[in-house]
Amino acid sequence: MLDADFLRRWLTTAAAAVDREADRLTELDSPIGDADHGSNLQRGFTAVVATLEKEAPDTPGAVLTLAGRQLISTVGGASGPLYGTLLRRTGKALGDAPRVTEAEFAAALRAGVDAVAQLGGAAPGDKTMLDALVPGADALATSFAAAREAAHQGALATAPLQARKGRASYLGERSVGHQDPGATSSALLFEALADTAAETGHEAAGDSEGTGGSGESGGSSE
Ligand code: ADP
Ligand code: MG
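Not measured: the values here are computed from a predicted model. Counting from 1, residues in each chain are numbered in the order their sequence is written. Here the convention is simple: chains get letters from A, ligands get numbers from 1, in the order in which they are written. Given that this is a predicted model, residues contribute local features only at a pLDDT of at least 70 and side-chain atom pairs are listed and counted only at 80 or more, while totals for whole chains, interfaces and linings are drawn from all residues. Only hydrogens and water are set aside when side-chain values are computed; all heavy atoms of the structure are taken into account.

Draft legend 1. Inspection of the coordination of the magnesium ion (ligand 2) at higher detail. Protein coordination at the magnesium ion (ligand 2) comes from Asp29 (OD), Asp34 (OD) and Asp36 (OD), with a distance range of 2.1 to 2.3 Å. Residue aspartate 29 is classed as buried on the basis of its relative accessible area, which comes to 8%. Categorising residues by exposure relies on relative accessible area from a 1.4 Å probe, with only protein chains included: less than 20% of the type maximum marks a residue as buried, more than 50% marks it as exposed, and the intermediate range marks it as partly exposed. You can call aspartate 36 partly exposed: its relative accessible area is 22%. Only nitrogen, oxygen and sulfur atoms qualify as donors, and only when within 2.8 Å of the metal (3.2 Å in the case of Na, K and Ca); with water excluded, sites may look incomplete.

Right, dumping it as structure tokens:
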């Protein structure tokens, strides 16, 4: 089960990853964009962490809807409303349950990704964040680690594509050969999710390493 603390940790870990990778995200946004993706997300996620600390929402859904609202109001670029919608719609799908199952979270995130596709009018293959979000959310039904790998591969696979949505699409064929910054940051979100799951002992179900000592899980296999 995932509680508000898990979701808060995810977003805090994501904020740290965005900080760490901000320069790289902005570099990716230079040849096919306006070189602001890293700074956009840095501003947004810093504000998300601050507002979560201040307001301390106590359900998973409330954490995500608050974070999504904050991203929309802080990030000026296309990615703000898109990521904001992702988190808000995911949070809304979770309702006000104090704890949710991994499967409920995966289904909610899939609804969030669908809302991003609807808002931006993009689909996988258009060289956008959806190229990482869709495979990542789909693989989350298997495990956090599988989602991380699927999103990572999805981001890498944007390089040979020609952009059909967003700023990069203005470049036409010249967008080919560059990895999409938004797909790269989406892969970071799944990386942060997998890290959070591993740190909090939620990877057991999909983890084939079988290291045994799973701490406080208390044998709930029946
Ligand atoms: P902006 O393009 O306004 O400068 P950012 O640089 O922060 O905003 O974000 C750019 C990223 O947003 C792109 O790399 C792409 O992944 C994503 N993006 C742009 N337009 C769309 C869209 N219509 N649907 C989905 N993702 C999009
Ligand atoms: Mg940009």
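Next, the rest of the story.
Draft legend 2. Inspection of the environment of alanine 47 at higher detail. Only runs of H or I of at least four residues qualify as helices and only runs of E of at least two qualify as strands under DSSP, and these elements are numbered from the N terminus. Mapped onto the elements, alanine 47 comes out in helix H2 (residues 37–55). What makes alanine 47 buried here is its relative accessible area of 17%. Between the C-alpha atom of alanine 47 and that of leucine 71, which follows or precedes it by 24 residues, the distance is 7.6 Å.

Draft legend 3. Up close: the packing of helix H5 (residues 102–120) against helix H6 (residues 130–139). Fitted lines through C-alpha atoms give the axes, limited to the stretch in contact for helices. The angle between two N-to-C directions lies from 0 to 180 degrees. Across the interface, H5 lies against H6 with an axial gap of 9 Å and an inter-helix angle of 160°. The angle between the axes of H5 and H6 places the two elements in the roughly antiparallel class. Crossing geometry of H5 relative to H6 is assigned as left-handed. Between H5, through Leu109, Arg110, Val113, Val116 and Ala117, and H6, the contact on the second element is made entirely by Leu130, Leu133, Val134, Ala137 and Asp138. Each residue is assigned to one of three groups, with Ala, Val, Leu, Ile, Met, Phe, Trp, Tyr, Cys and Pro labelled nonpolar, Asp, Glu, Lys and Arg labelled charged, and all others, Gly among them, labelled polar. Residue classes in the contact of H5 with H6 are distributed as eight nonpolar, no polar and two charged. Roughly parallel means an angle under 35 degrees; roughly antiparallel means over 145; roughly perpendicular covers 65 to 115; every other angle is labelled oblique. Should the near helix be turned anticlockwise from the far one by less than a right angle, the crossing is left-handed, and should it be turned clockwise, the crossing is right-handed. In what follows, a contact means two residues having at least one pair of non-hydrogen atoms within 4.5 Å.

Draft legend 4. Looking closely at the pattern of salt bridges. Salt bridges are defined by distance alone: a side-chain nitrogen of Lys or Arg within 4 Å of a carboxyl oxygen of Asp or Glu. Under the criterion given, the structure shown has ten salt bridges. When the shortest N-O distance is used, the salt bridge between glutamate 199 and arginine 9 registers 3.8 Å. Placement of the pair is glutamate 199 in helix H8 (residues 181–199) and arginine 9 in helix H1 (residues 4–28), with a sequence separation of 190 residues. According to the relative accessible area criterion, glutamate 199 is exposed, its value standing at 55%. Here arginine 20 ties to glutamate 21 by a salt bridge, and the two come within 3.2 Å at their closest N and O atoms. Of the residues examined, arginine 20 reaches a relative accessible area of 51% and is grouped as exposed. Among the residues examined, glutamate 21 registers a relative accessible area of 17% and is labelled buried.

Draft legend 5. Structural detail: the site of ligand 1. Around ligand 1, 20 residues are found, and the nearest of them are Asp34, Asn40, Ala78, Ser79 and Asp180. Whenever a nitrogen or oxygen atom comes within 3.5 Å of another N or O atom, the pair is scored as a polar contact, on the condition that within protein one atom can donate a hydrogen and the other can accept it, and that pairs from neighbouring residues in sequence are kept only if both atoms are in side chains. In the environment of ligand 1, an oxygen atom lies 2.9 Å from a nitrogen or oxygen atom belonging to the side chain of histidine 37. At a separation of 2.8 Å, an oxygen atom of ligand 1 approaches a polar backbone atom of alanine 78. Only the protein chains shown count as covering a residue, and every accessible area follows the Shrake-Rupley method with a 1.4 Å probe. Surface burial for ligand 1 is 92%, taken as the share of its 560 Å² of free accessible area covered by protein chains. Secondary structure elements with two or more residues in the shell around ligand 1: H2, helix H4 (79–94) and H8. We call a residue near a molecule or strand when any one of its heavy atoms sits within 4 Å of it.

Draft legend 6. Looking closely at the packing of H2 against helix H3 (residues 60–74). Close contact between H2 and H3 brings their axes to 9 Å; oriented N to C, the two are set at 140°. As judged from the angle between their axes, H2 and H3 are oblique. Like other packed secondary-structure pairs, H2 and H3 cross with a definite hand, here right-handed. Across the interface between the two elements, Arg43, Gly44, Phe45, Ala47, Val48, Thr51, Leu52 and Glu55 of H2 pack against Val63, Leu66, Ala67, Gln70, Leu71 and Thr74 of H3. Class assignment for the residues of the contact of H2 with H3 results in eight nonpolar, four polar and two charged.

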